[in-house]
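# Survey of secondary and tertiary structure
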Amino acid sequence: MQGSGLSICRQNTMLQDVKNEIQKREERKKQNPLSSKHLEDLEAEKKQNDNETKGTLAAISAGSIIPVATTPISLGAISSVTAMQKKLNPKDIELLNNAGDEIINSVTNLGKKGVQIKDPGVVMNLSGTPDKVMEIFDPVYAASKGKNAFFTPKGVSRFAPNSVVINREKFAAGQFHELGHAFNYNNSAVWKKIQGLRTPCMALASGLAIFAAGTKNQEPKEGEELKKSQKATNFVRKHSGALAFLAMTPVLAEEGMASHRGCKWVKQLLPENLANHVKKTNGAAYISYVAAAAGLAIAAQAATKIKDHFVEKKNEDAEKPKK
């Protein structure tokens, strides 16, 4: 009986201790600013911020994937060009190459400027990367296969400055567009400057998608107006797609001018059927540049829309009555 009395006494003591602890917790809640209500609010805010972060990541992903999605259009244009080259016979290829030499040596001053046509030679793919991927990311490899050609004003790899790199047996019709680039670079200060804007323009067009993903529309504080920087942010986000395409217009313009010069030369030097062949080749290749510009524009606009969707959801969650 004595043991039972001690047990009851202990139980009463423990019960009192629990009551005291509960009372102390209630007092701490009243004194501590991070009360359970505040903790709930912080948790809700964290969830809303997490949603916005997800929106940023989703927008960046869209901005990265969409330009890649336009790759089939570019590849389709390249395939079209390749198919056209297969229709040429050896005599046609000889006439095209002779015209290219004549443009350098007599029709223009490109020869005196040091412009040369260089064959890329045999380039082996030893990386294990699929050939189709190599053709997209390695211009020298693509040129060796007759899938591409390029003008390098400052030299690249083993090629000297002012070189047109092309496999003239497999892609003879492509040399005139590249000679147009060479003429732009060597004979026009304006077009040379525009040609030099290629990398900055492409970086700007690509960066607009990232900018849209990393920002959100600015709202003025109560009783205040938006600052100039905030207005600029809203303007860029609203017109991100158009601005991305606009950023690519110098590239499109210079590419167009190179093709125009090439077509003008072959019209003077080649039979009509071959001159038209060059014109079609240049047109098909130009589609790939337009597709790239359109892809960057769509990516920027999509990134803006996706980010706005998540921000709107966050704002809606914040306005919901708290339980």
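The preceding data block contains the structure.
Quick caveat, the model's predicted, so the values are computed rather than measured.

As a further point, take the side chain of Gln85. Looking at the secondary structure, you find Gln85 in helix α3 (residues 71–85). Among the polar contacts listed, one links the side chain of Gln85 to the side chain of Thr281, at a separation of 3.4 Å. Once you skip the residues sitting within four places of it in the chain, Gln85 turns out to touch Lys170, Phe171, Ala172, Ala173, His277 and Thr281.

Next up on the list: the environment of Lys305. Inspection of the secondary structure assignment puts Lys305 in helix α13 (residues 272–319). Among the residues examined, Lys305 registers a relative accessible area of 54% and is labelled exposed. For the pair Lys305 and Lys238, spaced 67 residues apart in the sequence, the C-alpha separation amounts to 9.3 Å.

Let us look at the nonpolar core. Judged by nonpolar contacts, the single largest core of 29 residues is most densely connected at Leu96, Phe176, Leu179, Leu270 and Val278. For this core, the secondary-structure elements that each account for two or more residues are α3, α4 (90–107), α7 (175–187), α12 (249–269) and α13. Apart from residues no more than four positions distant in its own chain, Leu179 is found in contact with Gly100, Ile103, Ile104, Leu110, Val115, Val164 and Trp265. Counting 15 residues, the second-largest nonpolar core is a separate cluster that includes Cys201, Met248, Val251 and Ala300.

Scanning all chains against the criterion turns up four salt bridges. Here Lys147 makes a salt bridge to Glu135, at a shortest N to O gap of 3.5 Å. Taken together, the residues span a long stretch of sequence, with Lys147 in the loop between α6 (139–144) and β2 (150–152) and Glu135 in helix α5 (residues 131–137) at a distance of twelve residues. The closest approach of N and O atoms between Glu255 and Arg198, which form a salt bridge, is 2.2 Å. Taken together, the residues Glu255 in helix α12 and Arg198 in helix α9 (residues 198–214) connect sequence positions 57 residues apart. Taking relative accessible area as the criterion, Glu255 reaches 1% and is therefore assigned buried. With a relative accessible area of 27%, Arg198 lands in the partly exposed category.

Parameters and conventions
- Residues numbered from 1 in each chain as written.
- Predicted model: local features only at pLDDT ≥ 70, side-chain atom pairs only at ≥ 80, totals over all residues.
- Heavy atoms only, no water.
- Helix = DSSP H or I, 4+ residues; strand = E, 2+ residues; numbered from the N terminus.
- Polar contact = N/O pair within 3.5 Å; in protein donor to acceptor, adjacent residues only side chain to side chain.
- Contact = heavy atoms within 4.5 Å.
- Buried < 20%, exposed > 50% of the residue type's maximum accessible area, 1.4 Å probe, protein only.
- Core = buried A, V, L, I, M, F, W, Y, C linked by side-chain atoms within 4.5 Å.
- Salt bridge = Lys/Arg side-chain N within 4 Å of Asp/Glu carboxyl O.

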